[in-house]
Amino acid sequence: MAGFPQVRLRRLRQNVALRRMISETKLDIRNIIYPLFVTYGEGVKQEIDAMPGIFRFSVDKLSGEVSEIAELGIGAILLFGLPPTKDEIGSSAFDPQGIVQQAVRGIKSTIPELVVITDVCLCEYTTSGHCGVVLNGEVDNDKTVEILAKVAISHAEAGADVVAPSDMMDGRVKAIRERLDDSGYQNVAIMSYSAKYASSFYGPFREAANCSPQLGDRRGYQMNPANIREALREVEQDIAEGADIVMVKPALAYLDVISRVRATFNHPLAAYNVSGEYSMVKAAARNGWLDEREVTLEILTAIKRAGADIIITYHAKEVAEWLSK
Ligand code: PBG
């Protein structure tokens, strides 16, 4: 067995060309998904305080933004809606004239080839701010699942390519798959937020999407950050129910979970580089404490190296620019 001095691992690190040649992981903008916040109103393009560079757009302002995203070669967009009204059951989430439904129709009529994914959840649409319907002080699983299936159908009707349930109710993938198939949407795929943790890294998103729980927290349905075996059970369940793509969320503090899911299952795996992860980098960069470009590329490369095929990130547009240079 050869060792030093015959073996010198630095030989292949001598110059850029050699380092590139033996690089094991490569970021590709086509595997990256960009989240977009769509709001009610007209003429709105409003920056989110805690997420510099990320905006809420009204439907009429979307087309320019979406053309730019498509031109940059970004793989897909993931839509979140901010409705004008909320109620107890989140009925504006399945309104055919709802924000997301209008946005999908608009985008599909201008850029049909852009992959459109919709977030399927109730937290932006319920007065409680919970991801489901609150009955007797608790988020009722089965009632919520029925409503989520309706939401998914309304997104498919509008033209979504993929629906992405992020609520963490049990059995929602099964219900959504059945309802899609019964309604003639066999080709609409499901990207399931399978292992979604109850994370404080979602803070800036809740400001962006105006969806903080008014009472209590999400620990009764999202996962405990301490658990990894349970994540494998969640993924297993979603695959059995018909998920086409599974997801781990957040990404950066959960690279071990990404790695285990990748080693255990063969489904395409997405990782969500969430709002708090984005805001930390932005804040440090603004203070001159970190090199934004280098740190962002390092984080995303690490998420991919851990095993993610797809990365959902608010950095998508800047990454597209950096990778094209
Ligand atoms: C809605 C949802 C959340 C995120 C995506 N979908 C918030 C939450 O569950 O509280 C978080 C995304 C992010 O932080 O970037 N259920």
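Residues numbered from 1 in each chain as written. Predicted model: local features only at pLDDT ≥ 70, side-chain atom pairs only at ≥ 80, totals over all residues. Heavy atoms only, no water.

Observations regarding the site of the ligand
Part 1 of the argument: With respect to spatial proximity, 17 residues lie near the ligand, and among them Lys 196, Arg 206, Lys 249, Ser 275 and Tyr 314 are the closest.
Part 2 of the argument: At 3.3 Å from a nitrogen atom of the ligand is found a side-chain nitrogen or oxygen belonging to Ser 166.
Part 3 of the argument: Here Arg 206 contributes a side-chain N or O atom positioned 2.7 Å from an oxygen atom of the ligand.
Part 4 of the argument: Considered on its own, the ligand offers 400 Å² of accessible surface; in the complex 100% of this is hidden by protein. (Near = heavy atom within 4 Å. Polar contact = N/O pair within 3.5 Å; in protein donor to acceptor, adjacent residues only side chain to side chain. Areas by Shrake-Rupley, 256 points an atom, 1.4 Å probe, with all protein chains shown as cover.)

Here we look at a positive patch on the surface
Part 1 of the argument: Together, Arg 8, Arg 10, Arg 11 and Arg 13 give the surface a local cluster of positive charge.
Part 2 of the argument: Residue placement: Arg 11 occurs in the segment before helix H1 (16-21). (Patch = residues over 30% accessible without salt bridge, like charges linked within 9 Å, V, L, I, M, F, W, Y side chains within 5 Å. Salt bridge = Lys/Arg side-chain N within 4 Å of Asp/Glu carboxyl O. Lys, Arg positive; Asp, Glu negative; His and termini not counted. Charge placed at Lys NZ, Arg CZ, Asp CG, Glu CD. Helix = DSSP H or I, 4+ residues; strand = E, 2+ residues; numbered from the N terminus.)

Describing helix H2 (residues 62-71)
Part 1 of the argument: Residues Leu 62, Glu 65, Val 66 and Ile 69 constitute the buried set of H2. The buried residues of H2 occupy one face: seen down the axis, they fall within an arc of 95°.
Part 2 of the argument: Elements that come into contact with the buried residues of H2 comprise strand S1 (32-39), strand S3 (51-58), strand S4 (76-82), helix H3 (99-110) and helix H11 (316-323).
Part 3 of the argument: Just downstream of H2 lies Gly 73, where phi reads positive at about 85°. (Buried < 20%, exposed > 50% of the residue type's maximum accessible area, 1.4 Å probe, protein only. Arc of directions from axis to C-beta. Contact = heavy atoms within 4.5 Å.)

Some details on the state of the cysteines
Part 1 of the argument: This model, assessed by the stated rule, comprises zero disulfides.
Part 2 of the argument: Unpaired in terms of disulfides, Cys 131 finds its nearest cysteine sulfur in Cys 121, a separation of 3.6 Å.
Part 3 of the argument: Between Cys 211, a cysteine without a disulfide, and Cys 123, which holds the nearest cysteine sulfur, the sulfur-to-sulfur distance is 3.7 Å.
Part 4 of the argument: The class of Cys 211 is buried, set by a relative accessible area of 1%. (Disulfide = S-S within 2.5 Å.)

Details of empty space enclosed by the protein
Part 1 of the argument: Counted under the stated rule, the structure contains three cavities of 30 Å³ or more.
Part 2 of the argument: Volume-wise, the largest cavity comes out at about 110 Å³.
Part 3 of the argument: Tallied by class, the residues present in the lining of the largest cavity amount to seven nonpolar, two polar and six charged.
Part 4 of the argument: If you tally residues by element for the lining of the second largest cavity, the top one is helix H7 (residues 229-241), at four residues. (1 Å grid on protein atoms, 1.4 Å probe; cavity = no way out; pocket = protein on both sides within 12 Å on 5 of 7 lines; lining within 4 Å. Points joined across faces, edges and corners; volume = space filled by probe spheres on them. Nonpolar A, V, L, I, M, F, W, Y, C, P; charged D, E, K, R; others polar.)

Some thoughts on the nonpolar core
Part 1 of the argument: If you look at the biggest cluster of nonpolar residues, it comprises 109 residues, and the most contacted ones within it are Phe 37 and Met 191.
Part 2 of the argument: When residues of this core are assigned to their parent elements, the largest contribution, eight residues, is made by helix H4 (residues 141-158).
Part 3 of the argument: If we ignore the near neighbours within four places in the chain, the residues touching Met 191 are Ile 33, Ile 117, Val 162, Val 163, Ala 164, Pro 165, Ile 245, Met 247, Ala 270 and Ile 312. (Core = buried A, V, L, I, M, F, W, Y, C linked by side-chain atoms within 4.5 Å.)

Re the layout of surface pockets
Part 1 of the argument: Taken as a whole, the largest pocket spans an internal volume of roughly 740 Å³.
Part 2 of the argument: Together, 19 residues line the largest pocket, and Ser 23, Thr 25, Lys 26, Leu 27 and Leu 323 are the ones closest to its centre.
Part 3 of the argument: When contributions to the lining of the largest pocket are tallied by element, the ones reaching two or more residues are helix H10 (292-306) and H11.
Part 4 of the argument: Per-element tally for the lining of the largest pocket: the top contributor is H10, with four residues.
Part 5 of the argument: Split into classes, the residues belonging to the lining of the largest pocket amount to eight nonpolar, four polar and seven charged.
Part 6 of the argument: Surrounding the second largest pocket, 23 residues form its lining, Met 168, Arg 219, Gly 220, Tyr 221 and Gln 222 being those nearest its centre.
Part 7 of the argument: Of all the elements in the fold, those that place two or more residues in the lining of the second largest pocket are strand S7 (138-139) and H7.

Comments concerning the packing of helix H9 (residues 275-286) against H10
Part 1 of the argument: Two elements in contact, H9 and H10, have axes whose closest approach is 10 Å; the angle formed by their N-to-C orientations is 160°. With respect to their mutual orientation, H9 and H10 come out roughly antiparallel. The way H9 lies across H10 gives a crossing that is right-handed. The segment H9 lies against H10, with Val 281, Lys 282 and Ala 285 engaging Glu 292, Val 295, Thr 296 and Ile 299.
Part 2 of the argument: The residue inventory of the contact of H9 with H10, partitioned by class, reads four nonpolar, one polar and two charged. (Axes fitted to C-alpha atoms, helices over the stretch in contact; angles between N-to-C directions. Parallel < 35°, antiparallel > 145°, perpendicular 65-115°, else oblique. Left-handed = near helix turned anticlockwise from the far one by under 90°.)

Digging into the pairing of strand S12 (residues 310-313)
Part 1 of the argument: The two faces of S12 match: Ile 310 and Ile 312 on one face and Ile 311 and Thr 313 on the other face are all buried.
Part 2 of the argument: Summarising the sheet, S1 and S12 pair through two bridges and their orientation is parallel. Within S12, the position partnered with Ile 33 by the bridge is Ile 312.
Part 3 of the argument: As paired strands, strand S11 (residues 269-273) and S12 are joined by four bridges and run parallel to one another. Among the inter-strand pairings, Tyr 272 is bridged to a residue of S12, identified as Ile 312. (Pairing = 2+ DSSP bridges.)

Interpretation in functional terms is not warranted from these geometric data alone.
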